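Okay, here's what each chain looks like letter by letter:
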Amino acid sequence: MISGADDAITRDGKALILAYDHGIEHGPVDFEPNPATADPERVFDLATHDAVTALAVGKGVAESYYPSYEDDVALLAKLNGTSNLWMGEPDSAVNWSVDHAADLGADAIGFTLYGGSNNEVEMAEEFRDAQEGAREHDMGVVMWSYPRGQGLKNDTSPDTIAYAARLGLELGADVVKVKYPGSGEAMAKAARMAGPTKVVMSGGSKTNDVAFLETVAAALDGGAEGLAVGRNVFQRENPGEILDALEALMFEGATVEEALTY
Ligand code: FBP
């Protein structure tokens, strides 16, 4: 990690990354709970909320929409991604180059690594090229560290998530995004393993306000420095309200109860 490399995608050292690569990763089914969010413009508008420190999107969406938002949104270029139509061992195609992302004005790159997959070696080598390219362009590096594949039995156990977080440090990420390991204590272990690399919690499938905010609060108490969230924001009927609550919780020191009233 290079100190300050993540400044453009953090606020007070913390990250609230709005993830919107679901059109690739899961397909249109993720837009069904709130059909308007199939329109990327809706989500770019949400990303202008003060709580959001960066918006993670794939190349095509960035090319079509980011030019209208470049003054108001920090762009996290999600370089690799694979559709749910792919049935093979976990893998992720590199869909755009670091240079192209830099030309578009990206502030940081995002890259998925499936540790434990049969494709881990190739993915780590692709990550190396992307990470070093990002350094040349002074862009931050965010790793989606999702162990899965082959014989992996539990991809969210505390030990697996601690290992996932450590891979972020070892491979040179500024921010490593991991699934919630089930408790604040387990998140603390992951944060300890990541050293100076910031650990952020992955949002997961949509839950109710209280359950979601309590999980975020536990992760923050455990040492996570934010979250990268998609469905738990854009699938809500009023996504702006949960962003208000997250802003209170993450940046204004509110409790979950207080945040719910924002
Ligand atoms: P969510 O907050 O909706 O879980 O999004 C986080 C994320 O990492 C997205 O960036 C990505 O599209 C998706 O989850 C991948 O989820 P998975 O591969 O676990 O199905």
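The following paragraphs examine the structure supplied in this document.

1. Focus: the pattern of salt bridges
Enumeration according to the criterion identifies nine salt bridges in this entry. The salt bridge partner of Asp21 is Lys78, with a shortest N-O separation of 3.6 Å. Here Asp21, found in the loop between strand S1 (15–19) and helix H1 (22–25), pairs with Lys78, found in strand S3 (residues 75–78); they are 57 residues apart in sequence, far enough to count as distant. Comparing Asp21 with Lys78 shows no difference in burial state: the two are buried. Each of Asp21, Glu25 and Lys78 takes part in salt bridges that share partners, so that together they form one network.

2. Considering the sheet that holds S1
If you walk around this closed barrel you meet the eight strands as S1-S2-S3-S6-S7-S8-S9-S10, and the pairing is parallel. The sheet shows a mean angle of 25 degrees between the axes of neighbouring strands, direction not considered. Here helix H5 (residues 120–136) sits on the sheet and contacts strand S6 (108–113) and strand S7 (140–145); the angle it forms with S6, its principal contact strand, is near 170 degrees. Together, strand S8 (175–178) and strand S9 (198–202) form the strand contacts of helix H7 (residues 184–194), whose direction differs from that of S9 by roughly 140 degrees.

3. Digging into the packing of aromatic side chains
Counted by the stated rule, this structure contains six aromatic pairs. Plain terms: the ring middles of Phe31 and Phe234 are 6.1 Å apart, the flat faces sit at 45 degrees to each other, and that makes the pair tilted. On the criterion of sequence distance, the pair formed by Phe31 in the loop between H1 and helix H2 (40–46) and Phe234 in helix H9 (residues 231–234) is long-range, its members being 203 residues apart. The two residues Phe31 and Phe234 agree in class, both being buried. Taken together, a centroid distance of 5.0 Å and an interplanar angle of 35 degrees make the contact between Phe44 and Tyr69 tilted. In this pair, Phe44 sits in helix H2 while Tyr69 sits in the loop between helix H3 (59–65) and S3, placing the two residues 25 residues apart along the sequence. The two residues Phe44 and Tyr69 agree in class, both being buried.

Criteria and thresholds
- Residues numbered from 1 in each chain as written.
- Predicted model: local features only at pLDDT ≥ 70, side-chain atom pairs only at ≥ 80, totals over all residues.
- Heavy atoms only, no water.
- Salt bridge = Lys/Arg side-chain N within 4 Å of Asp/Glu carboxyl O.
- Helix = DSSP H or I, 4+ residues; strand = E, 2+ residues; numbered from the N terminus.
- Buried < 20%, exposed > 50% of the residue type's maximum accessible area, 1.4 Å probe, protein only.
- Pairing = 2+ DSSP bridges.
- Axes fitted to C-alpha atoms, helices over the stretch in contact; angles between N-to-C directions.
- Contact = heavy atoms within 4.5 Å.
- Phe/Tyr/Trp six-rings, centres within 6.5 Å; stacked < 30°, edge-to-face > 60°.

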